[in-house]
Every structure is written in structure tokens, then in C-alpha cells.
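One-letter residues, chain by chain:
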Amino acid sequence: VGHCHPDIVKAAHEQNQLLNTNSRYLHDNVVDYAERLSKTLPEKLCIFYFLNSGSEANDLALRLARQYTGHEDVIVLDHAYHGHLTSLIDISPYKFRNLDGQKEWVHVAPVPDTYRGLYREDHENSGTAYADEVKNIIEHAQKRGRKIAAFFAESLPSVGGQIIPPAGYFQKVAEHVHKAGAVFIADEIQVGFGRVGKHFWAFQLQGEDFIPDIVTMGKPIGNGHPLACVATTKEIAEAFAATGVEYFNTFGGNPVSCAIGLAVLDVIEKEQLQAHATEVGNFLMKILKEQQIKHPIIGDVRGCGLFIGVDLIK
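Everything numeric in this text was worked out from a predicted model, so none of it was measured.

J.: Help me understand the overall build of the chain, please; the structure alone is not making it clear to me.
T.: Across its full length, the chain carries 10 helices and 9 strands. Expected size for 314 residues packed as a compact globule is a radius of gyration near 20 Å; at 20 Å, the chain falls within 12% of this value. In terms of its C-alpha atoms, the chain occupies a principal-axis envelope of roughly 60 × 55 × 40 Å. Residue burial in the chain is summarised as follows: out of 314 residues, 51% are buried. Restricting to contacts in the chain with at least 6 residues of sequence separation, those with at least 24 account for 72%. Carbon and sulfur atoms make up 51% of the accessible area of the chain, which totals about 15100 Å². Computed over 29 positive and 38 negative side-chain charges, the inter-centroid distance for the chain is 4 Å.

Right under this line is the structure:
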């Protein structure tokens, strides 16, 4: 919402003057904030865990998936990056290919890129074709006695090249994933909170009939303040709680973080930033496409709202 936005600075300052404590002490802000966030999401995503960073959120999502399914393996998209913790480097091809390589429990699916990928714009149904690649990975893993816990993907792959997945891709993937007893995790850390303009969450671009089982949030959630969140279903949360090992995060969901989170949502609404992302994004796409006509080096211009990629070619 902009550097040093006065409303955010004020919310942080006022709450700091009153009370900032660890989350062992109950405070209304965390409940008020969870309620506000829940209004932006599909009804079934109704349980919220608060943390300090996107990496923490993705690590918790992994734990939730494994506890709920009783499985270990994870399918990720090629070129993906999900965070800096050891568990997340392991599921980030962007990183592990330069480090220790691919773990046995990690499976890499092709990124659903219709410009440079396996199935391109001229394919009759690229969404189904890319989803079938995930299905093949699941079947191959199961033949080797592996069990999939989660399909883990950014709703719009960012490090992978600002990719806009083809229509129907997530729905088909979710079918294959659920059939394998796994869950679908949507990483909204870079692309959530109205950045795509027409929707508050990027996964909603795939249509109302698609709802992930777990959604992770970070980056814009606190406008630069360390705040993150995992949203999930009651069933997954109950399976996680059933271990008897409670989830605790000293400062995740503290009063100041939640006051800031609330202020961010207020500003997005008050200043109509979603509509702004659509308008400015459309303008930027228009002038980039004009440049594309003039310059052969511009191979592709793609995007939605203020998530835009320009693919340069030789």
C-alpha cells in the first residue's frame, strides 16, 4: 500500500503505545484480524495460523499437509521458489538444483507455461495436458511405493517467469491430487492481496469452482512488517491439533502485527487498490504490447493486474 503509509504507521504506533506482547497473552486484534481475512476467502478456508514470514507460513503448510494425509512426498513446479528454510529449499528447484539436488520425496512437474513450455498456446487444451503431467508423476511415484502429501504451487509462478497458468489447470490438478489422498497448497505470498486486480487472491483467477486446501500469505500482508498467515480447513486443522503437540508462535499474531494487518486491509479497501491494480496493469500491458510490435526482442507480454512479465528472446 506504499512506503510509510500514514494509516499503517498510525496503527503500528497506537498499538505499540498500548501493548505489544507475545501471543501467550490473549488479545482481540488477532481475532478481529482473522475475521476480516476470512471475509476475503472461500468459506471453507476458516482456520488461521499467524506467523512472522512467508517462509514460516510455507513450512507450516508442509507440516499441516503431512499430518493430515499421513504422507510425505511433495509435488512442486519446476523453477519454483518457496522460501529460505531447509524444508523449503528442498521443494524449490530454483535453489536445490544449485545445492544438494533433488530429495527422494520431491517430485518436479513442468511449469504450466504456454509460451516456452511443453504445451503452448496452439495446444487444444494445455490446461488438461499440464495437469496430466502431474497425474503421471503421481502414478509413477505410487508405483515406487511413494505417497503424495501435497501439490505445492504459487497461484501464479513468479520466480518461474511470471507465468499465467491456462484455464482449468488447477481444477484438474486438484482432482488428481485429491484422488491420491493429498492436498492442494496455494502459495499466495507474492501474488495475493489484490495484486491481480480482478480478484483478491490469484487462485480465484481459475474460477469459483477451484478452492485450495491450504493458502499461505506473506510479503504484502503487513506492508513491510514481518507478518504471515496460513489459512486452511477445519478438517486439516483438527488433524494437526490431534497430535497433542500444539502449534505455538511467540510473536506470530501479536497485537501490533495484527493492528498493522487490519490497517493494510482498510487501506486496500478505502483506496480501491484492487481496481487501481486492474487499471494500471491494463495500461501497462497496452503500452508493452505496443512495444512488442516495434521490437522483435519482445517475445511475449503476459500478466494480470500488476503481475506482469515481459519475455525477451534472441
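Don't stop here, the text continues.
J.: Looking at this model, I keep getting lost on the pattern of salt bridges. Mind explaining?
T.: Note that side chains of opposite charge can pair when their charged atoms are close. Overall, the coordinates contain 15 salt bridges when judged by the stated rule. In this structure, the salt-bridge partner of Glu14 is Lys10, at a minimum N-O distance of 3.5 Å. Taken together, the residues span about one helical turn, with Glu14 and Lys10 both in helix α1 (residues 6-18) at a distance of 4 residues. Between Glu72 and Arg146 there is a salt bridge; the shortest N-O distance is 3.4 Å. Pair noted here: Glu72 is in the loop between α3 (54-69) and β2 (73-77) and Arg146 is in the loop between α6 (126-143) and β4 (148-154), with a separation of 74 residues, a long-range link. With relative accessibility at 39%, the residue Glu72 sits in the partly exposed group. Through salt bridges that share partners, Glu72, Asp73, Glu104 and Arg146 make up one connected network.

J.: Can you help me understand the domain arrangement of the chain in this one?
T.: A common measure of how large an interface is: the accessible area buried when the components associate. Along its sequence, the chain is carved into domain 1 (7-271) and domain 2 (272-313). Taking only C-alpha atoms, the centre of domain 1 and the centre of domain 2 are 25 Å apart. Contact residues are listed per partner, giving 24 residues for domain 1 and 18 residues for domain 2. Taken over both partners, the interface formed by domain 1 and domain 2 buries close to 1600 Å², and the fraction arising from carbon and sulfur atoms is 55%. On the domain 1 side of the interface with domain 2, the three residues burying the most area are Tyr115, Gln162 and Arg195, jointly 34% of the side's total. The closest approach of N and O atoms between Asp311 and Arg116, which form a salt bridge, is 2.6 Å. Tallied by class, residues from the side of domain 1 that touches domain 2 come to 11 nonpolar, 6 polar and 7 charged.

J.: So what exactly am I meant to see when it comes to the nonpolar core here?
T.: Among soluble globular proteins, nonpolar side chains are generally buried collectively. Counting residues in each nonpolar core, the largest one holds 51 residues, and the members touching the most others are Tyr33, Leu37, Phe151, Tyr169, Phe193 and Met217. Here this core takes 9 residues from helix α9 (residues 255-270), the largest share from any one element. Discounting residues that sit within four places of it in the chain, Met217 has contacts with Leu37, Leu41, Gly54, Ala57, Ile189, Phe193, Trp201, Ala228, Cys229 and Ala231.

J.: Please clarify how the side chain of Thr114 should be interpreted in this entry.
T.: Along the chain, Thr114 falls in the loop between β3 (106-109) and α6. A relative accessible area of 18% means that Thr114 is categorised as buried. Residues in contact with Thr114, not counting those within four places in the same chain, are Tyr119, Arg120, Glu121, Ser126, Tyr130 and Pro166.

J.: Is there a simple way to explain a nonpolar patch on the surface in this structure?
T.: A surface patch of nonpolar side chains, amounting to about 190 Å² of accessible area, comprises Val280, Leu284 and Leu306. Its place among the elements puts Leu306 in the loop between β8 (298-304) and β9 (307-312). Residue classification places Leu306 among the partly exposed residues on the basis of a relative accessible area of 35%.

J.: Explain the packing of aromatic side chains to me, please; I cannot follow it from the model alone.
T.: Remark: the centre distance and the inter-plane angle together describe each pair of aromatic rings, the angle taken between the planes. Under the criterion given, the structure shown has 16 aromatic pairs. Residues Phe48 and Phe50 carry aromatic rings whose centres are separated by 6.5 Å and whose planes lie at 10° to one another, so their mutual orientation is stacked. With relative accessibility at 6%, the residue Phe50 sits in the buried group. Between the aromatic rings of Phe184 and Phe210, the centroid separation amounts to 4.8 Å while the plane-to-plane angle is 70°, which identifies the pairing as edge-to-face. On the criterion of sequence distance, the pair formed by Phe184 in strand β5 (residues 183-187) and Phe210 in the loop between β5 and β6 (214-217) is long-range, its members being 26 residues apart. A single burial state applies to Phe184 and to Phe210, both of which are buried. Here the aromatic residues Tyr119, Tyr130, Phe151, Tyr169, Phe170, Phe184, Phe203 and Phe210 are joined through ring pairs into a cluster of three or more. The ring of Phe248 carries Arg24 above its face, with NZ or CZ at 3.9 Å from the centroid. Over the ring of Tyr81 we find Lys95, and its NZ or CZ is 5.3 Å from the ring centre.

J.: How do you make sense of the pairing of β5 when you look at a structure like this?
T.: A regular strand places its side chains so that they alternate between the two faces of the sheet. A large share of β5 lies buried, amounting to 5 of its 5 residues. Here β5 shows no split at all, with Val183, Ile185 and Asp187 on one side and Phe184 and Ala186 on the other all buried. Handedness of the crossover is the feature at issue here: the chain leaves β4, passes through helix α7 (residues 169-179), returns alongside β5, and the resulting connection is right-handed. Where β5 meets β6, 3 bridges bridge the pair, whose relative direction is parallel. Its bridge partner being in β6, Ile185 is matched across the sheet by Ile214.

So, how was this worked out
Residues numbered from 1 in each chain as written. Predicted model: local features only at pLDDT ≥ 70, side-chain atom pairs only at ≥ 80, totals over all residues. Heavy atoms only, no water. Helix = DSSP H or I, 4+ residues; strand = E, 2+ residues; numbered from the N terminus. Rg over C-alpha atoms; globule rule 2.2 N^0.38 Å. Buried < 20%, exposed > 50% of the residue type's maximum accessible area, 1.4 Å probe, protein only. Contact = heavy atoms within 4.5 Å. Areas by Shrake-Rupley, 256 points an atom, 1.4 Å probe, with all protein chains shown as cover. Lys, Arg positive; Asp, Glu negative; His and termini not counted. Charge placed at Lys NZ, Arg CZ, Asp CG, Glu CD. Salt bridge = Lys/Arg side-chain N within 4 Å of Asp/Glu carboxyl O. Domains from an automatic or database assignment. Buried area = accessible area lost by both parts, 1.4 Å probe. Nonpolar A, V, L, I, M, F, W, Y, C, P; charged D, E, K, R; others polar. Core = buried A, V, L, I, M, F, W, Y, C linked by side-chain atoms within 4.5 Å. Patch = residues over 30% accessible without salt bridge, like charges linked within 9 Å, V, L, I, M, F, W, Y side chains within 5 Å. Phe/Tyr/Trp six-rings, centres within 6.5 Å; stacked < 30°, edge-to-face > 60°. Lys NZ or Arg CZ within 6 Å of the ring centre and 35° of its normal. Right-handed = clockwise from strand over helix to strand, strands pointing away. Pairing = 2+ DSSP bridges.

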